[in-house]
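Below, each chain spelled out in residue letters.
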Amino acid sequence: TAPHRHPFRRNHAPMQAHPTGFMFLTYKVASEATVFVLFALGAYACAKTIVPRVLGSILRRANTQKKSAGNATELYQLGTVSMCLLVSLASEKLRLGLEVGAFTSGLMLSGTEHGENALHLIEPLKNLFSALFFACVGMLMHPSFIIRNLPALLCSLVCLLTVKAATVSVVCRIFNYPWRTSLLV
């Protein structure tokens, strides 16, 4: 006869043990650090060799088109944003995160002779990306979480505003502003 089986239990293979311990943690940290260092070295090499040539080429093409077609700064703007998105995509594929890629691409741009021009052309997009960032963060918040934790959130807000006001007031008083000014700031 077949052995008795409980109606609600399934026969599963034994659970695989998740590797833990100091050696596993050391291996993971070392591998992540190695990927990060290699990414940083690659970004540095690209920032010193490839990025200035590409941005210079785009700028020359934009200036050539500007003479014949009016305003061609959009080409330079598109090239700059594309480079930033490409670096962010590479860092995401390496599991470093989009934030690391965005920060790295900003460093790569600022390190070139075209950095000031790129900053001037990207400035109008800053507000768009800021709005997109805050919309994404807002979509992560669940209204039920806010309602459930409303007392703690309000208490944190009051504490934060109190500490901020006290700090600013003390700094203003250190610089010999009157109390009224230091409290209004």
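Placed above this text is the structure.
Because the structure is predicted, anything quoted here is derived from the model rather than measured.

### Here's the deal with a nonpolar patch on the surface
Together, Met141, Phe145, Ile146, Leu150, Leu153, Leu154, Leu157 and Leu161 make up an exposed nonpolar region whose accessible area comes to about 660 Å². Of all the elements in the fold, those that place two or more residues in the nonpolar patch are helix H6 (143-148) and helix H7 (150-174). Among the elements that line the nonpolar patch, the one with the most residues is H7, at 5 residues. For Leu154, the position within the fold is in helix H7.

### Some remarks on H7
For H7, with 25 residues, the first-to-last C-alpha span of 36 Å sits near the 36 Å given by 1.5 Å per residue. Asn176 occupies a position one or two residues after H7 and carries a positive phi of about 65°.

### Observations concerning helix H3 (residues 73-93)
Along its 21 residues, H3 runs 30 Å from first to last C-alpha, staying within 8% of the 30 Å computed at 1.5 Å per residue. Restricting attention to buried positions, one finds in H3 the residues Tyr76, Gly79, Thr80, Val81, Met83, Val87, Ser88 and Ser91. Positive phi shows up at Arg95, right after H3, with a value of about 65°.

### A closer look at the environment of Gly115
In this fold, Gly115 is placed in helix H5 (residues 115-140). When its relative accessible area of 13% is taken as the criterion, Gly115 is described as buried. In sequence terms Gly115 and Pro52 are 63 residues apart; their C-alpha atoms lie 9.4 Å from each other. The contacts of Gly115, once residues within four sequence positions are left out, are Leu109 and Ser110.

### Some details on the layout of surface pockets
A volume near 980 Å³ is recorded for the largest pocket. Mapped by element, the contributors of at least two residues to the lining of the largest pocket are H3, helix H4 (98-110) and H5. No other element matches the 11 residues that H5 contributes to the lining of the largest pocket. Of the residues belonging to the lining of the largest pocket, the class tally is 15 nonpolar, 4 polar and 3 charged. What the second largest pocket holds in volume is close to 270 Å³.

### Examining the nonpolar core
In this structure, Val51, Leu55, Tyr76, Met108 and Leu109 are the most contacted members of the largest nonpolar core, which totals 15 residues. Elements with a minimum of two residues in this core: helix H1 (22-48), helix H2 (50-69), H3, H4 and H5. With 4 residues, H2 is the single largest residue contributor to this core.

What counts as what
- Residues numbered from 1 in each chain as written.
- Predicted model: local features only at pLDDT ≥ 70, side-chain atom pairs only at ≥ 80, totals over all residues.
- Heavy atoms only, no water.
- Patch = residues over 30% accessible without salt bridge, like charges linked within 9 Å, V, L, I, M, F, W, Y side chains within 5 Å.
- Areas by Shrake-Rupley, 256 points an atom, 1.4 Å probe, with all protein chains shown as cover.
- Salt bridge = Lys/Arg side-chain N within 4 Å of Asp/Glu carboxyl O.
- Helix = DSSP H or I, 4+ residues; strand = E, 2+ residues; numbered from the N terminus.
- Expected span 1.5 Å × (residues − 1).
- Buried < 20%, exposed > 50% of the residue type's maximum accessible area, 1.4 Å probe, protein only.
- Contact = heavy atoms within 4.5 Å.
- 1 Å grid on protein atoms, 1.4 Å probe; cavity = no way out; pocket = protein on both sides within 12 Å on 5 of 7 lines; lining within 4 Å.
- Points joined across faces, edges and corners; volume = space filled by probe spheres on them.
- Nonpolar A, V, L, I, M, F, W, Y, C, P; charged D, E, K, R; others polar.
- Core = buried A, V, L, I, M, F, W, Y, C linked by side-chain atoms within 4.5 Å.

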